[in-house]
Amino acid sequence: MSRIGKMPIAIPAGVTVEVAENKVTVKGPKGTLERVLPAEMEIKVEDNNVVVARPNDLKRMKSLHGLTRTLIANMITGVTAGYEKVLEINGVGYRAAKNGKELTLTLGYSHPVIMIDPEGVETVLDGQNKITVKGIDKEKVGQYAAEIRDKRRPEPYKGKGIKYSDEVIRRKVGKTGKK
């Protein structure tokens, strides 16, 4: 039995979970999330808990079991607490500016990089070099944060670029002059 899949998910106060065939709708204080989950999985709401069961022990069913449970747990966490990723911009002249839903990044290119916040995700600037990506959908928050980071990945020699706040950049020693 899947250790993660068999654990029931507690539904906190103020959150409603509805299951219609294989579509799960979670409503909470921060918003509503909907997701179509694998039809093979059996999802039930029993006395303030969501329980996921699998029909048999095939390898595919075992892997879908834990995944389905985790996706539902992430939806419940999203509508109650929400998700956020913090990015840091390092480098001389590298900075970010916000104008409505537009995030303008100056990253040493000949032009500023303009990114528009996707639906359900918002970026907040803390100074000119700290970007916080917030939202209720874990997948969208992570994807948008990765897209921002991809505009200028951190390089190993000087550490310039955009990195996650908890990311550790492995530094390399530069060239040494000939004696």
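Definitions and cut-offs
Residues numbered from 1 in each chain as written. Predicted model: local features only at pLDDT ≥ 70, side-chain atom pairs only at ≥ 80, totals over all residues. Heavy atoms only, no water. Salt bridge = Lys/Arg side-chain N within 4 Å of Asp/Glu carboxyl O. Helix = DSSP H or I, 4+ residues; strand = E, 2+ residues; numbered from the N terminus. Buried < 20%, exposed > 50% of the residue type's maximum accessible area, 1.4 Å probe, protein only. Polar contact = N/O pair within 3.5 Å; in protein donor to acceptor, adjacent residues only side chain to side chain. Contact = heavy atoms within 4.5 Å. Pairing = 2+ DSSP bridges.

Q: So what exactly am I meant to see when it comes to the pattern of salt bridges here?
A: In a structure, side chains of opposite charge can pair up when their charged atoms sit close to one another. All told, the structure shown has ten salt bridges when counted by the stated rule. Where K23 meets E34, a salt bridge forms, and the shortest distance between an N and an O atom there is 3.4 Å. Of this pair, K23 sits in strand β3 (residues 23-28) while E34 sits in strand β4 (residues 31-36), and the two are eleven residues apart along the sequence. E34 gets classed as exposed once you look at its relative accessible area, which sits at 52%. Residue E88 is joined to K163 by a salt bridge in which the shortest nitrogen-to-oxygen separation is 3.4 Å.

Q: Looking at this structure, how should I read the side chain of R149?
A: Within the fold, R149 resides in helix α2 (residues 138-150). A distance of 2.7 Å separates the side chain of R149 from the side chain of E167, its partner in a polar contact. Residue contacts for R149: discarding those within four places in its chain leaves L87, P154, I162, K163, Y164 and E167.

Q: Looking at this model, I keep getting lost on the sheet that holds strand β1 (residues 9-10). Mind explaining?
A: Across a sheet, paired strands are connected by hydrogen bonds in the backbone, their directions being either parallel or antiparallel. With respect to topology, three strands assemble into an open sheet ordered β1-β6-β5, the strand pairing being antiparallel. The open sheet has two edge strands with one neighbour each: β1 and β5 (42-46). The pairing of β1 with strand β6 (residues 49-53) spans two bridges and is antiparallel. Paired with A10 across the bridge in β6 is N49.

Q: Could you clarify how one ought to interpret the environment of M61 in this entry?
A: Within the secondary structure layout, M61 lies in helix α1 (residues 59-80). Looking at M61, the relative accessible area reads 8%, which means it is buried. The sequence separation of M61 and E40 amounts to 21 residues, and the corresponding C-alpha distance is 7.7 Å.

Q: Looking at this structure, I do not really get the environment of G108. What am I missing?
A: Within the element layout of this structure, G108 appears in the loop between β9 (102-106) and β10 (113-116). In contact with G108, other than residues within four places in its own chain, are Y94 and R152.

Q: Would you mind going over the pairing of β10 with me for this structure?
A: The two faces of a sheet get side chains in turn, since along a regular strand they alternate between them. Only one face of β10 is covered, namely the face carrying V113 and M115; the face carrying I114 and I116 is uncovered. The turn linking β9 back onto β10 is made up of six residues, and G108 within it adopts a positive phi angle of 85°.

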